Every structure is written in structure tokens, then in C-alpha cells.
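The lines below spell out each chain.
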Amino acid sequence: MILKVKNLHKIYKNGMHALKGLNIEVQKGEFLVIIGLSGSGKSTLLRCINRLIEPTAGTVEFMGKDITHVKGEELRKVKAQIGMIFQHFNLINRHSVLKNVISGKLGQLKTLNSILGNFTDDIYEEAYRNLEIVGIKEKAKERADTLSGGEQQRVAIARSLMQNPKLLLADEPVASLDPATSNSVMKFFEKVNKEFGTTVICNLHFLSLVRKYATRVIALKSGEIIYEGEPSEIDEKWFKTIYGEEAEEVEIR
Amino acid sequence: MTNKTDNNQSPIDIIRQNQRLEERVNFIKAIFLDIFFVFYSILLLQRAIYYKFILDLRDIPFSWEGIIILFVISVFIGASWTFTKTSLSCKLFGIAKDNKVTKWSVEISGWFLFNITFIAGWIITKLSIVDLFSSEGIKGAERLFGALFKPEFGIFDDALFAMIETIYIALLATLISIPITLFISFFTARNLMKGNKTTFIIYYVLRLILNFVRSIEPLIWAIIFSVWVGIGPFAGMIALLVHTIASNAKLYSEAIESIEQGPVEAISATGANKIQVVWYAVVPQIILPFLSFTIYRWDINVRMATIIGLVGGGGIGTMLMQYQGLAMWHEVGLIVLMIAIVVWVMDYISAKIREAIY
């Protein structure tokens, strides 16, 4: 088991109770998709797992170790093993694609070397290799903000691959991309999952993508798990429960 | 942060507890503000409006006892006003009762405060339409303007030299300020320093010092330094430097505070340490604003350097002061003309540069 979340609570300062005692177990090599409306706690869950925000109560175990309260150097080591992809890519716009990809390695580099830009040839090679995996090696020298949305997200994937992550968290990675690009970006997640055996936890909105890529689905509604199972088992009735009576499924191809 | 990991306490309790605490804090704040409002109104009513306007006294009677009595009265009135939960401050802090009385109380007291402030301001500044349009005054102004518009070019060489001195005072103050400000600004950015107690104390103390330094005008700094290092361009330069550091550190750190959090999140998620996060996610986002602020500050410093010259900071300002003291208005006219041209040119250049780098 790679990840075990026990009775996880998150209460924000404004009193918003975002997570209400979640229990989740994730096996190695899974492609777990989390669905639910905006504000249901999906992003909060992912950020509590890699401690970008602090959970209020409960525990998170990563590779058999309780990481809920680790600090400093130890926390950075944990973070270095967990890759994260964001909805808005979060690249450094003014840096080149290559430099963005290399920044994924920061957790494993000496501070002074990383600031002076002293990277070994191995790191450059690894960066080019990862750019090749996501198919944009030829754009390595370009500024990150000149790339299209889909390409930027692929750079972000390459960046997190630099960490050699055991676990890859993706927070609505295709929510700001068009349907065709969404699918091609999702294919790279599938590739990472199948070829490197990296466990993926991904927040998604489109059920057609969920059915295509997920090995297991968890649905959240106002901070609680209301569904857990195979993607194929989500029928009309479950859909209405998860997204509300008004909702209708939008097909994307 | 509600970092309580106490498992015995249910999350609902934590929420309620936080709410209750916040309400109590707001109530205390409201009491203080209400007392201030009442004290302020009574004081203005008594001193500016009653003594000065109605009784038209030349010397206003002053005694600390009187002030203290007024203060005690306002403490009682203010506090009891807050306890009814219908006061202006209760409304401001969102703890007021939602009824007609509150609405009336807030509207009336708001209008009252605004009006007495305006009237007191009128009386205190001795606003007088008669003085502004007296024929004698207008004649004097005409004479002066006439001289200013016929500048005396005999002193052009001297004025040019003084002008160059002023521009260099401003330039050097700006250049030296850059590395110092850069260093300080990271420690005065809230989003970088709020992490733990030690850094937050550093942040707070630094901010306090900078606020203090900034609140003293460059003019005052120039007076201080002209005593310290002697009258002349060096005093002016160092006065500008001190003020530039304090004001730009605020602008810089605000630029740091308003960066996009996304890249910061992404870089920290890779396990990078604090210094790496700042270098990779913060610095690329702030380089342009920093450059822009600095160039703008150079422009401001040229204008300020002339003013600083008035109190012995060297350059064109000192020269202006000398001719003004001798009432040689044609010479003053030339100097004013030169200052205007230089300021206009600097303004134009700095705007163009700032446009170009964005």
C-alpha cells in the first residue's frame, strides 16, 4: 500500500469544513480518480496529502510512514517523492521550458548549485529524456509562456517526472484545456502510470475521461466520500447523486 | 491557523470556538472605536465649534483636567453605545443588531461625524474667500509672475552646473539603494515571512522601522544629515538614499506579496527549500516590477533633490533658495524654468523606459 489516509479533517480559518473524516487507501500502481463538484474538497484532499496545506486532524501515511507531522528536511524529502500537477500548470513563465523541467529536481539539489545554475550533464540529459517522453523536446529552449496550454501541462508533467515520483497527484490537470488536448494530456498520465508504475491520484470532471483512464473512482460531496468503486459502475442514478439532480452528463470525445 | 490535532475535540467545536473568539475580539475593537468616535465629536464640538466659532475666542482655554473629564464622559457614552449593539463600530465590525434602531443610529452618527469634521476643518484652516480675492494680494502675485516669466539668462552656466549636481544626487541615491532595498524587501514580505514565529517577528520589527523612516520626510532627513555630514550634495544624497530605501522596500515587498501563488506552490511541491522557492518561483515574477519601481523612483528623486536643496542638500534647490532670499525673481524664474524642463524630460524618459520593459 502506498498511501493510507485515516479520518482526515480539514477546517479552514474561515470555519469552512472542507474534509470531514476521509478514509482512503491507495495501492501501488493504481490510477485513482476523484470526482465531485467544485468545492467538494478534492483539491484540499490532494494538498493535504503532500502537505501543501496542513490537515486539521487525522493521519496520512505514505509508503508505510506517518507523514502528517513531519517537518523541515524530512518533509522536503517526502515532497520530493510526490509529484504534483496543477490546473493552471504553474510554470515559471519567464524561464525556458528546460529550466522549468529542471526545477522539478530542486528537492534533490544543493541550494548553492541550484541558485548559481550549476547543473550536471546527467540532469540535463534527464530533463531532455523527460521532455521526450511528453513529446516536446524540440521546444526546450523556448520561453514557457509562449507554449499552448496543452504543451505547458506536458512541461509540468516532465517537471514532476524529474522527481522520479512514487506518487503523482494531479489537481484537475485538464480543466483549463480543450477536449481534444485534454485527452492527449491524459494519455501521458496513462503512459506514466503504465510504463513507470507510478501511482496516480487525479481530480477530474469529465466522466468520459474517468471511464477511460481510471482504475478506481472516489466521489466526494461536501467533504465526504459518497461513492467508491469501478468507473463503469457509475450509472445515471449515481451521477445524479454526485452532481445533483439538475446535472446532465456532457459527452466529450 | 487552526492546527489543532487534538482528536478529542470535534471539528464542529473548533469552528464554534473560533467564531466565539472572533466575536469577542470584534466587540472589544468596537468599544475602542466607539469611544474614539464619541471623544472626537465632543472634542470638536467643544473646541472648534463652541469656543472658536460660536464664542469666537482668540485664545482657547486649555487644561488637561478638562480634556480628561471629556474623555471619561466619552468612555461612558461610547461603551454604552457599543453595548446596545446599535453603534457605528458594531456595524463596521459586523456584530450589530439587524434592526431599524441600528440603521438610524449608523446613518445619523455617520452624517454627524462627516459634517463636524468638515466644519472644524474649515475653521481650523482659516479658509477665507476674502483673502484669496483681495486686490492688493492679486497685484503682488501679478508682479511676481511677471518677473518669473522674464527669466534672467545671465546665471545660466551656474544653474546648469547646479542642475547636473541635482541629477547626480538623485541617480546615486537610487543606485546605492537598489542592492540594500532588494535585500530588505524579502524580509518584509508577509507571504514569505508568516511561516513561523521568528521570521514573523523579524518581518514585524523591520516593517516598523521602515514605516518610521518613511514617515519622516526627505526634507527632515536632509536637515539631520546636513548637521551630521555637513551642508552640501552629500547630505542631500544620503537623505534621499535613506528615504528611497524605506519607500522602495515597501513597494518591492508589496510586489512580492502580490505574486501568483501557483508557481510557489509548484516549486515547494518538488521538495525545494525556502531559498530555492524564492529564487525559482518568486524572483522571476518580481524582476520587472522592481525595475519599474526603481526607474520611477529615480524620477521622483530628481524632483525631491531640488526640494532637499532648499534646506542645504546641495544642487539647484540651494541655488533657488539663495536667489529667493534676495528676492531676485528674474533669476528665480530661470531656475524654476530649468527645473520644470528637467522634471518633464525625466518624467517622459522614465515612462518610456517603463513601457519598454513591460
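The notes below deal with the structure included here. (Residues numbered from 1 in each chain as written. Chains lettered and ligands numbered in written order. Predicted model: local features only at pLDDT ≥ 70, side-chain atom pairs only at ≥ 80, totals over all residues. Heavy atoms only, no water.)

### Details of the overall build of chain B
Heads up, the rule is: Secondary structure elements are defined from DSSP: runs of H or I of at least 4 residues count as helices, runs of E of at least 2 residues count as strands, and each element is numbered from the N terminus. For each residue, the accessible area found with a 1.4 Å probe, counting protein chains only, is set against the maximum for its type, and the residue is called buried under 20%, exposed over 50%, and partly exposed in between. Every residue pair with non-hydrogen atoms within 4.5 Å of one another is taken to be in contact. For the area figures, the Shrake-Rupley method with a 1.4 Å probe applies, and any residue is considered shielded solely by the protein chains shown.
When its secondary structure is counted, chain B shows 15 helices and 0 strands. Of all 358 residues assigned to chain B, the portion counted as buried reaches 41%. Counted over contacts in chain B with a minimum sequence separation of 6, partners at least 24 positions apart contribute 72%. When the accessible surface of chain B is summed, it comes to about 21200 Å², and 70% of that surface belongs to carbon and sulfur atoms.

### Here we look at the overall build of chain A
What chain A contains, in helices and strands, is 9 helices and 10 strands. Expressed as a percentage of the 253 residues in chain A, the buried residues total 55%. Long-range contacts, defined as pairs at least 24 residues apart, comprise 69% of the intrachain contacts of chain A with a sequence gap of at least 6.

### A short note on the sheet that holds strand β9 (residues 216–221) of chain A
Residue and element names in this part refer to chain A. For clarity, the cut-off: When DSSP finds two or more bridges between two strands, those strands count as paired. To obtain an axis, a line is fitted to C-alpha atoms, over the contacting stretch when the element is a helix, and the angle between two such axes runs from 0 to 180 degrees between their N-to-C directions.
An order of β6-β7-β8-β3-β9-β10 is seen for the 6 strands of this open sheet, with the pairing classed as mixed. The open sheet is flanked by β6 (82–85) and β10 (224–229), the only strands paired with a single partner. Going across the sheet, the axis of each strand differs from the next one's by a mean of 15 degrees, ignoring polarity. Looking at chain direction, β6 and strand β7 (residues 167–170) are connected through 4 bridges and run parallel. Its bridge partner lying in β7, methionine 84 is registered against leucine 169. Sheet contacts for helix α2 (residues 72–81): β6 and β7; angle to β6, the most-contacted strand, approximately 60 degrees.

### Some thoughts on the sheet that holds strand β4 (residues 57–62) of chain A
Spatial ordering of the open sheet is given by β2-β1-β4-β5 (chain A), a layout of 4 strands whose pairing is antiparallel. The strands lining the two open edges of the sheet, one partner per strand, are β2 (17–26) and β5 (65–66) of chain A. Sheet strands touched by helix α1 (residues 11–54) of chain B: β1 (3–11) and β2 of chain A. Its angle to β1(A), the strand with the most contacts, is close to 30 degrees.

### Digging into the pattern of salt bridges
All names here are of chain A. For clarity, the cut-off: In the sections that follow, a salt bridge refers to a side-chain nitrogen of Lys or Arg positioned within 4 Å of a carboxyl oxygen of Asp or Glu.
Evaluation of the coordinates by the stated rule reveals 19 salt bridges over all chains. Taking the shortest distance from any N to any O, the salt bridge between glutamate 54 and arginine 51 comes out at 2.9 Å. Owing to a relative accessible area of 23%, glutamate 54 belongs among the partly exposed residues under this scheme. Its salt-bridge partner being lysine 65, residue glutamate 74 comes within 3.1 Å of it at the nearest N-O pair. What makes lysine 65 partly exposed here is its relative accessible area of 38%. Ionic contacts of the salt-bridge type, sharing partners, join the residues Glu30, Arg216 and Glu228 into one network.

### Some words on the nonpolar core
Grouped burial of nonpolar side chains is what soluble globular proteins tend to show. Where we set the bar: Buried residues of nine kinds, namely Ala, Val, Leu, Ile, Met, Phe, Trp, Tyr and Cys, make up a nonpolar core once their side-chain atoms join them within 4.5 Å.
Ranked by size, the top nonpolar core spans 71 residues in total, and within it Ile35(A), Leu131(A), Ile157(A), Met186(A), Phe189(A) and Val282(B) carry the most contacts. For this core, the leading source of residues is helix α13 (residues 274–309) of chain B, giving 8 residues. Setting aside residues up to four positions removed in sequence, Ile157(A) forms contacts with Ile85(A), Val134(A), Val185(A), Phe188(A), Phe189(A) and Val192(A). Among the nonpolar cores identified, the runner-up in size contains 32 residues, and Ile2(A), Ile67(A), Ala266(B) and Ala269(B) belong to it.

### Quick notes on a nonpolar patch on the surface
Residues and elements named next belong to chain B. To keep it simple, the criterion reads: The patch calculation keeps residues exceeding 30% relative accessible area without a salt bridge and links them within 9 Å when they carry like charges or within 5 Å when they are nonpolar (Val, Leu, Ile, Met, Phe, Trp, Tyr).
Taken together, the side chains of Phe153, Phe156, Leu160, Ile164, Tyr168, Leu337, Ile341, Trp344, Val345, Tyr348, Ile349 and Ile353 define a hydrophobic patch exposed on the protein surface, amounting to about 1200 Å² of accessible area. When contributions to the nonpolar patch are tallied by element, the ones reaching two or more residues are α7 (156–187) and α15 (329–357). Mapped onto the fold, valine 345 is located in helix α15. Accessibility expressed as a relative area gives 33% for valine 345, which makes it partly exposed.

### Some points on the environment of Val205(B)
Counting through the fold element by element, Val205(B) comes out in helix α9 (residues 197–215). In sequence terms Val205(B) and Thr188(B) are 17 residues apart; their C-alpha atoms lie 9.1 Å from each other.

### With respect to the interface of chain A and chain B
As a reminder of what qualifies: Here the quantity called buried area is the accessible surface, traced with a 1.4 Å probe, that two parts lose on coming together, added over both.
On the chain B side, the residues contacting the 37 residues of chain A number 28 residues. Here chain A packs against chain B, burying approximately 2900 Å² in sum over the two surfaces, 62% of which is carbon and sulfur. When the buried area of chain A at its contact with chain B is split by residue, Arg94(A), Leu106(A) and Ile115(A) rank highest and sum to 18% of it. Taken together, the connections running from chain A to chain B amount to 1 salt bridge. Between Arg47(A) and Glu265(B) there is a salt bridge whose closest N-O contact spans 2.6 Å.

### Some points on unusual backbone geometry
Residue and element names in this part refer to chain A. For arginine 51, which is not a glycine, the phi torsion comes out positive at approximately 60 degrees. Along the polypeptide, arginine 51 turns up in the loop between α1 (42–49) and β4. Even without being a glycine, asparagine 90 presents a positive backbone phi close to 55 degrees. On the basis of relative accessibility, which here comes to 9%, the residue asparagine 90 falls in the buried class.

### Section: helix α14 (residues 316–325) of chain B
All names here are of chain B. To be explicit about the condition: In this description, one arc is meant: the one made by directions from the helix axis to the C-beta atoms.
For α14, the complete set of buried residues consists of Ile316, Gly317, Met319, Leu320 and Tyr323. Considered in projection along α14, the buried side chains sweep an arc of 160 degrees and stay on one side of the axis. On its buried face, α14 sits against α7, α13 and α15. Positioned one or two residues after α14, alanine 327 has a phi angle of 55 degrees, which is positive.

### Points about helix α11 (residues 233–257) of chain B
Given 3.6 residues per turn, any residue in an α-helix points the same way as the ones three and four places further on. The cut-off we apply is this: What a helix should span is 1.5 Å times the count of its residues minus one.
For α11(B), which comprises 25 residues, the first-to-last C-alpha distance of 35 Å matches the rise-based estimate of 36 Å (1.5 Å per residue) to within 8%. Most of α11(B) sits out of view: 19 of its 25 residues are buried.

### Some thoughts on the environment of Ala305(B)
All names here are of chain B. As for its placement among the helices and strands, alanine 305 is situated in helix α13. Along the primary structure alanine 305 and methionine 163 are separated by 142 residues, whereas in three dimensions their C-alpha atoms are 9.8 Å apart. Apart from residues lying up to four places away in sequence, alanine 305 is in contact with Thr166, Ile169, Leu240 and Gly314.

### Describing the packing of helix α10 (residues 218–228) of chain B against α13(B)
All names here are of chain B. Spelled out, the test is: Each angle is binned into one of four classes, with values under 35 degrees roughly parallel, values over 145 roughly antiparallel, values of 65 to 115 roughly perpendicular, and all other values oblique. Two helices crossing with the near one rotated counterclockwise from the far one by less than a right angle form a left-handed crossing, whereas a clockwise rotation gives a right-handed crossing.
At a minimum axis separation of 9 Å, α10 and α13 run at an interaxial angle of 50 degrees. As the angle between them shows, α10 and α13 are arranged oblique. Judged by the twist between their axes, the crossing of α10 over α13 is right-handed. Across the interface between the two elements, Pro218, Leu219 and Ala222 from α10 touch Met304, Ile307 and Ile308 from α13.

### What about the packing of aromatic side chains?
Residue and element names in this part refer to chain B. The test is simple: Pairing of aromatic side chains here covers Phe, Tyr and the six-membered ring of Trp, requires ring centres within 6.5 Å, and sorts the geometry by plane angle: under 30 degrees stacked, over 60 edge-to-face, intermediate tilted.
Counting across every chain of the model gives 19 aromatic pairs over all chains. Residues phenylalanine 145 and phenylalanine 149 carry aromatic rings whose centres are separated by 6.3 Å and whose planes lie at 20 degrees to one another, so their mutual orientation is stacked. A ring pair is formed by tyrosine 252 and phenylalanine 290, whose centres lie 4.0 Å apart and whose planes are at 20 degrees; its orientation type is stacked. Separated by 38 residues along the polypeptide, tyrosine 252 in helix α11 and phenylalanine 290 in helix α13 bring together distant segments of the chain. Assigned by exposure class, tyrosine 252 and phenylalanine 290 land together as buried. An aromatic cluster is defined as three or more aromatic residues linked by ring pairs; in this entry it consists of Phe36, Phe37 and Tyr40.

Any functional reading would require information that these geometric values do not contain.
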